[in-house]
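Notes for the structure review
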Amino acid sequence: MKKIATLFAAAFVGVSAFAQQALWGGAQVESPVINEDGTVTFRYQAPKAVKVTVSGDFLPTQVIDTPFGKFEGPGVAELKEGKNGVWEYTTDFKVAPEMYNYTFNVDGLNLIDNNNMWVNRDVASLTSAFIMPGGRADLYTIQDVPHGTVSKVWYDSAVAGFDRRLSVYTPAGYNPCGKTRYPVLYVLHGIGGDEDAWLEQGRAAQILDNLIASGQAKPMIVVFTNGNISQEAAPGQNSTGYVRPTMQLPKTMEGTFETSFPEIVKFIDANYKTIAKKQSRAICGLSMGGFHTLYISLNYPDMFNYSGMFSAAIGVDGQQMCPMYENFDAKLATYFSKKPALLWIGCGKTDFLYKSNIDFMAKMDANGQPYKYMETEGGHIWRNWRIYLSEFVPLLFK
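Residues numbered from 1 in each chain as written. Predicted model: local features only at pLDDT ≥ 70, side-chain atom pairs only at ≥ 80, totals over all residues. Heavy atoms only, no water.

1. Thoughts on the overall build of the chain
- Scanning the chain from terminus to terminus reveals eight helices and 20 strands.
- Looking at the chain as a whole, 51% of its 398 residues qualify as buried.
- When the accessible surface of the chain is totalled, it reaches about 19600 Å², and 56% of it is carbon and sulfur. (Helix = DSSP H or I, 4+ residues; strand = E, 2+ residues; numbered from the N terminus. Buried < 20%, exposed > 50% of the residue type's maximum accessible area, 1.4 Å probe, protein only. Areas by Shrake-Rupley, 256 points an atom, 1.4 Å probe, with all protein chains shown as cover.)

2. With respect to helix α5 (residues 288-299)
- For α5, with twelve residues, the first-to-last C-alpha span of 16 Å sits near the 16 Å given by 1.5 Å per residue.
- Where burial is concerned, most of α5 is hidden: eleven out of the twelve residues are buried.
- Burial in α5 covers these residues: Met-288, Gly-289, Gly-290, Phe-291, His-292, Thr-293, Leu-294, Tyr-295, Ile-296, Ser-297 and Leu-298.
- Each element contacted by the buried residues of α5 is listed here: β15 (184-188), α4 (256-271), β17 (281-286), β18 (306-310), α6 (328-337) and α7 (354-366). (Expected span 1.5 Å × (residues − 1). Contact = heavy atoms within 4.5 Å.)

3. What about the sheet that holds strand β16 (residues 221-224)?
- Spatial strand order, β13-β14-β16-β15-β17-β18-β19-β20: eight strands in an open sheet with mixed pairing. What marks the edges here is a single partner per strand, and that holds for β13 (149-157) and β20 (372-376). Across this sheet, the average inter-strand angle for adjacent strands is 20°, counted without regard to direction.
- Strand direction decides the pairing type here: β17 and β18, joined by five bridges, are parallel. Looking across to β18, one finds that Ile-283 is bridged to Ser-307.
- In the packing of α4 onto the sheet, the strands contacted are β13, β14 (162-170), β15, β16 and β17, and the crossing angle to β15 comes to about 145°.
- Its contacts with the sheet put α7 on β18, β19 (342-348) and β20, and the angle it makes with β19 is roughly 150°. (Pairing = 2+ DSSP bridges. Axes fitted to C-alpha atoms, helices over the stretch in contact; angles between N-to-C directions.)

4. Considerations on the environment of Ile-296
- One can find Ile-296 in helix α5.
- Those residues within four positions of Ile-296 in sequence are excluded, and the remaining contacts are Leu-188, Phe-257, Glu-258, Phe-261, Ile-283 and Phe-304.

5. A look at the sheet that holds strand β1 (residues 33-34)
- In spatial order, the strands read β1-β2-β8-β7; together these four strands make up an open sheet with antiparallel pairing. In this open sheet, the two edge strands, each paired with only one partner strand, are β1 and β7 (80-81).
- Looking at chain direction, strand β2 (residues 40-45) and strand β8 (residues 86-90) are connected through five bridges and run antiparallel. Among the inter-strand pairings, Phe-42 is bridged to a residue of β8, identified as Tyr-89.

6. Focus on the pairing of β16
- Where burial is concerned, the two faces of β16 agree: the one with Ile-221 and Val-223 and the one with Val-222 and Phe-224 are both buried.
- Two elements, β14 and β16, share three bridges in a ladder whose sense is antiparallel. In the strand pairing of β16, Ser-167 is matched with Phe-224.
- Pairing of β15 with β16, which is carried by four bridges, proceeds in the parallel orientation. Paired with Tyr-186 across the bridge in β16 is Val-223.

7. Describing helix α8 (residues 382-392)
- Of all the eleven residues making up α8, nine are buried; the element is thus mostly covered by neighbouring parts of the structure.
- Of the residues making up α8, those classed as buried are Trp-382, Asn-384, Trp-385, Arg-386, Ile-387, Tyr-388, Leu-389, Ser-390 and Phe-392.

8. Some points on unusual backbone geometry
- Between Ser-31 and Pro-32 the backbone carries a cis peptide bond, its omega angle lying at -10°.
- Counting through the fold element by element, Pro-32 comes out in the loop between α1 (2-25) and β1.
- Although it is not a glycine, Arg-203 sits at a positive phi angle of roughly 55°.
- Its place among the elements puts Arg-203 in the loop between α2 (197-200) and α3 (204-213).
- For Arg-203, a relative accessible area of 19% corresponds to the buried category.
- In the Ramachandran plot, Lys-339 falls in the positive-phi region, its phi being about 55° despite a non-glycine side chain.
- Along the polypeptide, Lys-339 turns up in the loop between α6 and β19.
- Overall, Lys-339 belongs to the exposed group, its relative accessible area being 68%.

Structure, rendered in structure tokens:
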């Protein structure tokens, strides 16, 4: 018995020591470090490594050959080994204010920065993240302003045949029992994303808090949907358990999600203090979400007064197979005949969807149909979509 007690005590001491190390020992390597001169230093401890590189969107882009063609990708820089096997790289340029993602590659193995606890998930890819403060990037940080609330709520989808989850932002001061009613913005993600994507990668809650607090945007309810109609909720948050996220999901761009969208609007109007009319509703989305935004707007022209398409997927093969995608020109004409307040389009110059967006705008130009357009540097990246959201939101509900 005494021996068992001794072993238990030893085990307890070992676990306690490990816990204390986690609590107070901390990481011995600091990375990333934002330096006073605007450069950034990255470090990774790998004593036996032969080569260590860092790849991220803070570096000049590179062209990557893929089976689908050439695409713009994040740049790569080599780290140099120093004392105690700590590899280091400091940028030779000032890093512009922005939120950035990066990973290390250690002898061919891609790794997140184990000294940086801030990690983003984009579909099945994990990247470390940091924010270089200043300028527009301050919108992406938590400031000393009144904060809204983000809730995870479930609604019954008759079209899907099961309950589905939404993320809902209510602005500071929102009172479900109060008299004040609010306009509503619906925000849609890209392929492989989910109802958490805009909040995690897009920093949407911070953008909304800061724009509303500064008076640049009106207080509004914002709904983040899951555009994968075959899913109940984000990976790990549904009945399938901890399965690997994938972009290869059924029923993403074949009309079912667009068909089901009035269910979401009805649920929000029934459960939140909304102004339930077209003049007080807006919708926007990136990539696949831009595609959904376009066809939801065209098929329900009396539902939304403001529509935003961010790097939208336009002209996807096979879309003519669904009634939602038929009679495009006629639906476009009907949409504009209803005199929407705003159709806003944003796209990067090197986005692989750039041409399809240019062609779509040429069609509207030929028909004298009004829209606003913002063109940015870079391609199909979150950096651009955060910009677009922060430009689109202040234009709403004026």
